[in-house]
Amino acid sequence: MGLSDFCTAIYKRKPPVTSQSKFIQAVFEAAGSGELICDEYARKMFSGAKPISEPQYDSFPAPTNHERLLEFLKQHVTPARGSRSTTLERCREIANRAGVSRTLGIEPDAFLLALTDWFEAIIHDPEHCDILETAYRLRLNGAEPEPRQQRPAPLHPGDRADVMRPPALQNNTPGFWAEFTHEWVIKNVGNVPWRGRKLVCVNPKDLYIRPNGVTEVEVPDCEPSRTAFVKTHCQFSARGQEGPGTSIWQMHDTNGENCFPGAATMFNVAATITNQYAQPTRGRS
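Residues numbered from 1 in each chain as written. Predicted model: local features only at pLDDT ≥ 70, side-chain atom pairs only at ≥ 80, totals over all residues. Heavy atoms only, no water.

Q: So what's going on with the side chain of aspartate 162? Which residues, and what values?
A: Within the secondary structure, aspartate 162 is located in strand β1 (residues 161-163). Despite being buried, aspartate 162 has no salt bridge partner; lysine 187 is the closest side chain of opposite charge, sitting 5.7 Å away. With residues near it in sequence (within four places) discarded, aspartate 162 still touches Ser53, Pro55, Val185, Ile186, Lys187 and Val189. (Helix = DSSP H or I, 4+ residues; strand = E, 2+ residues; numbered from the N terminus. Buried < 20%, exposed > 50% of the residue type's maximum accessible area, 1.4 Å probe, protein only. Lys, Arg positive; Asp, Glu negative; His and termini not counted. Salt bridge = Lys/Arg side-chain N within 4 Å of Asp/Glu carboxyl O. Contact = heavy atoms within 4.5 Å.)

See below:
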C-alpha cells in the first residue's frame with residue numbers, strides 16, 4: 001500500500017489537477033517537498049514503475065505538512081459545482097479502492113485526515129505504511145496515530161545519494177549457479193564530496209546470490225553534482241536455490257561507518273533465481 005496505491009485510490013481528473021503527473025507533483029508540494037519532479041518521472045511514480053528516490057524522501061519535512069496536504073485533498077476530493085456526486089460518495093469510492101472494510105461507515109472529515117496519516121507513513125515509515133484503516137478508526141474516535149519513527153539521518157549532514165537502478169527496477173534472473181554482473185550508477189546529489197568511499201556487502205553468504213570473491217567495491221571519488229554520476233560494479237553468482245534473493249549493501253566512509261543508515265535498500269542487488277533444470281508441467285491429454 002505505497003505511493004502508487006495512494007495515488008490510484010484518490011486521483012480523479014479535476015482542474016487544475018488534470019493528469020496523473022500533476023497529481024503527484026501537487027501532493028508532494030502540498031506535503032512540503034521542495035523536490036522538482038518532471039512529468040515523465042511523476043507519471044511513472046504514479047503507476048509504480050518508478051520508486052520514490054532517496055533525495056525525494058529527504059526533501060520532505062518531518063513530519064510532512066498535514067495541514068496543507070489536507071487542504072489540497074479536500075479541494076481535490078470535493079466534487080465540482082454542479083456535479084451529482086458528493087464528498088461522502090467520493091470518500092467512499094476512495095476507501096473502497098484502498099481496501100478499507102466496506103462495513104465501516106465513512107465520515108469525510110475524519111477520513112481525509114486519515115489520508116494525510118497514510119501519506120505520512122508512506123514517506124517516513126515506508127516499511128509499515130499499510131495503515132489507512134487503522135488511522136481512520138483512530139480519527140473517528142478523536143485520536144491520531146503515534147508519530148512515525150523517523151528514518152535515521154545521513155551520517156554526514158547534507159550528504160545525499162541517488163541510485164539510478166534501485167532493487168525495484170532491477171531485472172536479474174540468473175539460473176542455478178549462473179553468474180551475472182551488477183553495475184551501480186550513483187549520483188552524489190548532496191553537498192558533501194565523496195572521498196575513499198566503498199560499497200560493502202553485509203550478507204556475503206546469502207542463500208540465493210553472493211558476490212564473487214569480494215565483500216566491498218570502491219566508489220570513485222567525486223564532487224556533488226545533480227548531473228554527473230559515478231559507476232562501480234561487482235560480479236555475483238546465483239546459488240542452487242530458486243526464488244527471489246537480495247544482496248545487501250551499504251556505502252561506508254573512510255572510517256568504515258554506514259553513510260546512509262536510513263536508506264536500508266538503496267544499494268541492494270536483487271535477483272530472482274530460476275531453476276533451468278525444472279521439467280515443464282505437461283497437461284493431461
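Q: Break down the pattern of salt bridges for me, with residues and values.
A: The tally for this structure, following the rule as stated, stands at 11 salt bridges. In this structure, glutamate 40 and arginine 43 form a salt bridge, with 2.7 Å as the shortest nitrogen-oxygen distance. Within this pair, glutamate 40 and its partner arginine 43 are both found in helix α3 (residues 39-47), separated by three residues, close to a single helical turn. Its relative accessible area of 40% is what places glutamate 40 among the partly exposed residues. The exposure class of arginine 43 is partly exposed, given its relative accessible area of 38%. Glutamate 40 is the salt-bridge partner of lysine 44, the closest N and O atoms lying 3.6 Å from each other. Pair noted here: lysine 44 and glutamate 40 are both in helix α3, with a separation of four residues, about one helical turn. On the basis of relative accessibility, which here comes to 28%, the residue lysine 44 falls in the partly exposed class. In the salt-bridge network here, residues are joined through shared partners; they are Lys12, Arg90, Glu93 and Arg97.

Q: Any chance you could break down the confidence of the model for the chain for me, citing the residues and the numbers?
A: Chain-level statistics for the chain give a pLDDT mean of 90 and a share of 96% at 70 or above. Of all helices and strands in the chain, the one with the weakest mean pLDDT is helix α4 (residues 54-58) (76), whereas strand β3 (residues 198-201) scores best (98). (pLDDT = per-residue confidence, 0-100.)

Q: Go over the sheet that holds strand β6 (residues 230-238), please, and point to the residues and values.
A: If you trace the four strands from one edge of the open sheet to the other, you get β1-β2-β6-β4, paired in antiparallel fashion. Single-partner strands in this sheet number two, and they are β1 and β4 (209-211). Going from strand to strand, the sheet's axes swing by 40 degrees on average, the running direction of each strand aside. Bridging between β4 and β6 involves three bridges; their strand directions are antiparallel. Bridge assignment links proline 211 to a residue of β6, and that residue is phenylalanine 236. (Pairing = 2+ DSSP bridges. Axes fitted to C-alpha atoms, helices over the stretch in contact; angles between N-to-C directions.)

Q: How would you summarise the packing of aromatic side chains if you had to cite specific residues and measurements?
A: Counting across every chain of the model gives 16 aromatic pairs. Where phenylalanine 111 meets tyrosine 136, the ring centres are 5.6 Å apart and the plane angle is 85 degrees; that geometry is what we call edge-to-face. You can see phenylalanine 111 sitting in helix α7 (residues 108-124) and its partner tyrosine 136 sitting in helix α8 (residues 132-140), a full 25 residues away along the chain. Since its relative accessible area comes to 0%, phenylalanine 111 is described here as buried. With relative accessibility at 0%, the residue tyrosine 136 sits in the buried group. The rings of Phe6, Phe28, Phe60, Trp118 and Phe119 are connected pair by pair, giving a single aromatic cluster. (Phe/Tyr/Trp six-rings, centres within 6.5 Å; stacked < 30°, edge-to-face > 60°.)

Q: Provide a residue-level description of the packing of helix α1 (residues 3-10) against α3, including the pertinent values.
A: Where α1 meets α3, the axes come as close as 6 Å, and the angle between the chain directions of the two elements is 90 degrees. In this view, α1 runs roughly perpendicular relative to α3, as classed from their interaxial angle. When α1 is examined against α3, the residues Leu3, Ser4, Cys7 and Thr8 are found in contact with a partner set consisting of Met45, Phe46 and Ser47. Of the residues contributing to the contact of α1 with α3, the split by class is four nonpolar, three polar and no charged. (Parallel < 35°, antiparallel > 145°, perpendicular 65-115°, else oblique. Nonpolar A, V, L, I, M, F, W, Y, C, P; charged D, E, K, R; others polar.)

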